[in-house]
Amino acid sequence: MKFDLVVIGAGPAGISAAIKARKNGAHVLIVDENPVAGGKLLGQLYEVPDKGWWIGQRIAEKLVDQATSIGVQFLQETEAWGIFPGWKVVLENSETIDTSYVLIATGAAEKALPIPGWTKPGVIAIGAAQVLTNYHRVKPGKRVAIIGVDPLSLSIAQELQLAGVEVVGIYLPPINPFSQEKADPHYLLTNLAKMSHLAPNQLLKTAGKMLHNPFVKKLAAKWYPANGLKIGNIPLYLRKRVMEIGGETEVDHIRVAPINRNGGTVLDDSIPVEVDCVCLSGGLYPLSELAGSVGCKMVTIKELGGTIPLYSPEMETTQSGLFVAGNITGIEGAKVAMAQGNLAATAISSRLGLLENPSSALEQAISEVEKERKNAILTFMPQVEEGREKVTTMWKTT
Amino acid sequence: MRIADHPILGKQRKREVTITFNGTSYTALEGESIAAALLANNIRTLRYSEIAKSPRALYCGIGHCFECRVTVDGVRSKRACITTVKDGMFISSQGVDSP
Ligand SMILES: Cc1cc2nc3c(=O)[nH]c(=O)nc-3n(C[C@H](O)[C@H](O)[C@H](O)COP(=O)(O)OP(=O)(O)OC[C@H]3O[C@@H](n4cnc5c(N)ncnc54)[C@H](O)[C@@H]3O)c2cc1C
Ligand code: FES
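Residues numbered from 1 in each chain as written. Chains lettered and ligands numbered in written order. Predicted model: local features only at pLDDT ≥ 70, side-chain atom pairs only at ≥ 80, totals over all residues. Heavy atoms only, no water.

Engineer: Help me understand the overall build of chain B in this model?
Structural biologist: In terms of regular secondary structure, chain B is built from one helix and nine strands. Radius of gyration (C-alpha) of chain B: 14 Å, near the 13 Å computed for a compact globule of 99 residues. On the principal axes, the C-alpha backbone points of chain B span a range of 45 × 25 × 20 Å. Counting over 99 residues, chain B shows a buried share of 51%. Pairs at least 24 apart in sequence give 41% of the contacts found in chain B among residues at least 6 apart. Surface accessibility of chain B: about 4800 Å² in total, with carbon and sulfur atoms responsible for 49%. (Helix = DSSP H or I, 4+ residues; strand = E, 2+ residues; numbered from the N terminus. Rg over C-alpha atoms; globule rule 2.2 N^0.38 Å. Buried < 20%, exposed > 50% of the residue type's maximum accessible area, 1.4 Å probe, protein only. Contact = heavy atoms within 4.5 Å. Areas by Shrake-Rupley, 256 points an atom, 1.4 Å probe, with all protein chains shown as cover.)

This is the structure:
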C-alpha cells in the first residue's frame, strides 16, 4: 500500500500535521521510535500566565486520540533509518514504506556539556530529569544540582521543586571548548531578560534589561551577588562554577569554585557540595541527520540552534516532496511546532489536490505560525526571528 | 523515589508488574520505562563500560546516547530509557561476567 504522507516523528509538529492532512482526506502514517507518541510534549509542565497549567502529557493524549479517531495510523517503537527518492521510508526492521510525500518532524536533542566526572551514574541531561519527574513521576534524585543557565534549565528547576525534589542550585559550567557562552556570566545575564516569563525575580529582570547596554555589561560580574539570587526558592549562582562531579561509583558531590569580581575562577576556594544527582543543560539542537542524508540542502544558522534543512515558506526542503516542521527547523516551543505542522500539512494537501482554496488556506497557516511565534511564552533562542528571516533570504537565493 | 502525589498532576494509578534485574525481583509500574522503574527502586547503575568497567547509567533519557543499554529477555543493547517494562521481564547489565 502506498501512503499519501508518511510523517517521521510523533511530536507536536508531526501529530498536528497528520491530523490536518488526514482531515483533508490524505492517507497518513506516523512513524516514531518511542513507545508512546507525543515527543517532547510528554515531559512538559509549566504555568502559563492567566491561562493555567500547560500539561504536555495531557495535550499529547488529546492529539493522539484525535488523530487515531479520524484514521491516522501510528507505528510506534519504530525508528526511521533512511529516506530514498520516490519516496520510500526505510524502517529499522528494513521494511520499506512507499509514499507520495514525507514530513520530517524529528524534533530536537540536547547538546553535550562534558565536565570532569560526567559519565558517573547520577549525572543526567536536564531533559531526562523532566521526563522522569513529570512523565514517569520518579525523582531523578533527592538533592539535585543543575549546571547550565538557560530557559530550559530554569523552567525544569522549578518543575523539580514542584515535585518535591531539593534543588541545591543552578551553576555555571567550567570554561572549556564545549561550554562556550554557557560559561560566561555576562552573556547569561544579558539573556535573562528574555526569560522573564519564567518569573526570575525582579532584580534579574531589571538586570537583564539594563545589560543590553555594553557599559553596564562590564559591571555585571562585579555586582552579581556571590551567594546568588533566588528564582522561586532556588539559588541561581552566576558567580559559581562546578569544576568537577565526584563520587566513588555514583555521584555524591560536586566541587564548586567561586568566580571573583574580575571574572576569574578561584580554584583555591573551591568546596564540595553534597548531591546525588546532577543535571547538565547544554542547550538544544535540531535533529536533522535524516534530511541531510537524503540530500536536502543544509544550512547552519546559529540563531535557530544549529544545522537545519533549508526550507521554503511552505516548509518544503530543496528535495521536492520532502517537507519539514517543528524543531528540526530551529528550536522553539510546542505551539510553534504545531502551527508549523499545520502549515506543512496544508501545503501537502494542496499538492495532493485536496483543497478547494489552497492559497487562502496557506496564507492563514503561515500567519498562524507567526502568531504563535509572537505569543510564545518560552523562547529558547533569543534571536529566533532573525534566524527565520535568514532562512527566507537564503531560500530566495537558492 | 516515586512522586506519589504531585501537586499539579495528582496521583498516579497504574498496575504493578514484576521485573527481574541482575537476578533480583523488583516492582515496576505498567507503562514506565525500565530506567524509570529501576530508579524508583534506587538503582542507577545499568551497565559497565567495556574496557575500564566503570559504571554507566541513564543520561539523555530520550533514546539518543545509548548509555543506558541493557540486555532484555536475551536481546542485547536495548535502551532502558525508551523500553517499556513488561510483567516478568528479565533484564541484565552488560559489561559484567557475573552480575
Ligand atoms: C529536553 C527538552 C525539553 C523541552 N522542554 C520544552 C518545554 O518545556 N516547553 C516547550 O514549549 N518546548 C520544550 N522543548 C522544545 C520542544 O522541542 C518543542 O516543544 C516541541 O516538542 C518540538 O516538537 P517537534 O514535534 O518538532 O519534536 P519532538 O517533540 O522532539 O518530537 C519528535 C519525535 O520524533 C521522534 N524521532 C526522531 N527521530 C526519529 C527517527 N529517525 N525515527 C522515528 N522517530 C524519530 C522522536 O523520538 C520524537 O518522539 C523541549 C525540548 C527538549 C529537547
Ligand atoms: S539514556 Fe540516552 S539512550 Fe537511553
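Engineer: Mind showing me how you'd approach the pairing of strand β4 (residues 52-55) of chain A here?
Structural biologist: Strand residues, when the strand is regular, have side chains that alternate between the two faces of the sheet. Residues and elements named next belong to chain A. In terms of strand pairing, strand β3 (residues 45-48) meets β4 through four bridges, oriented antiparallel. In the sheet register, V48 faces β4, and the bridge partner there is G52. If you look at the hairpin formed by β3 and β4, you'll find three residues sitting between the two strands, and D50 has a positive phi there, around 65°. (Pairing = 2+ DSSP bridges.)

Engineer: Looking at this structure, I do not really get helix α1 (residues 12-23) of chain A. What am I missing?
Structural biologist: Residues spaced three or four apart along an α-helix point in a common direction, a consequence of the helix completing one turn every 3.6 residues. All names here are of chain A. In a regular helix each residue adds 1.5 Å, so 12 residues correspond to 16 Å; α1 covers 16 Å between its end C-alpha atoms and thus fits that length. In terms of burial, α1 is largely enclosed, as nine of its 12 residues are buried. Within the span of α1, buried status applies to P12, A13, G14, I15, S16, A17, A18, I19 and A21. On its buried side, α1 packs onto β1 (2-8), β2 (28-31), α2 (56-69), β5 (73-75), β8 (96-104) and α9 (334-351). Positive backbone phi, approximately 110°, marks G25, located one or two places after α1. (Expected span 1.5 Å × (residues − 1).)

Engineer: So what exactly am I meant to see when it comes to the site of ligand 1 here?
Structural biologist: Residues and elements named next belong to chain A. If you check the shell around ligand 1, you find 35 residues, and the closest are D32, N34, K40, A80 and N327. The contact in question runs from an oxygen atom of ligand 1 to an N or O atom on the backbone of A13, over 3.0 Å. Residue A80 places a main-chain N or O atom 2.8 Å away from a nitrogen atom belonging to ligand 1. If ligand 1 stood free it would expose 970 Å²; the protein chains cover 97% of that surface. Of all the elements in the fold, those that place two or more residues in the shell around ligand 1 are α1, β9 (108-110), α3 (126-136) and α9. When grouped by side-chain class, the residues that make up the shell around ligand 1 number 16 nonpolar, 13 polar and six charged. (Near = heavy atom within 4 Å. Polar contact = N/O pair within 3.5 Å; in protein donor to acceptor, adjacent residues only side chain to side chain. Nonpolar A, V, L, I, M, F, W, Y, C, P; charged D, E, K, R; others polar.)

Engineer: Hey, could you run me through the packing of aromatic side chains in this one?
Structural biologist: The geometry of an aromatic ring pair is captured by two quantities: the separation of the ring centres and the angle between the planes. In the structure shown here, the tally under the stated rule is four aromatic pairs over all chains. An angle of 90° between the planes, with centres 5.6 Å apart, marks the rings of W118(A) and Y59(B) as edge-to-face. With one member in each of two chains, W118(A) in the loop between β9 and β10 (123-125) and Y59(B) in the loop between β6 (55-56) and β7 (69-72) form a pair that bridges those chains. Residue class for Y59(B) comes out buried when judged on its relative accessible area of 14%. Directly above the aromatic system of Y237(A) lies the positively charged group of K240(A), at a separation of 4.7 Å from the ring centroid. Sitting over the ring of Y135(A), K14(B) keeps its end group 6.0 Å from the ring centre. (Phe/Tyr/Trp six-rings, centres within 6.5 Å; stacked < 30°, edge-to-face > 60°. Lys NZ or Arg CZ within 6 Å of the ring centre and 35° of its normal.)

Engineer: Looking at this structure, I do not really get the nonpolar core. What am I missing?
Structural biologist: Buried together is how nonpolar side chains tend to be arranged in soluble globular proteins. In this structure, I15(A), I83(A), I104(A) and I146(A) are the most contacted members of the largest nonpolar core, which totals 131 residues. The greatest single-element share of this core, amounting to 10 residues, is contributed by α9(A). Leave out the neighbours within four places in its chain, and I83(A) touches I8(A), K88(A), V102(A), I104(A), L290(A), V294(A) and L322(A). Ranked by size, the runner-up nonpolar core spans 21 residues in total, among them V251(A), I254(A), V278(A) and C60(B). (Core = buried A, V, L, I, M, F, W, Y, C linked by side-chain atoms within 4.5 Å.)

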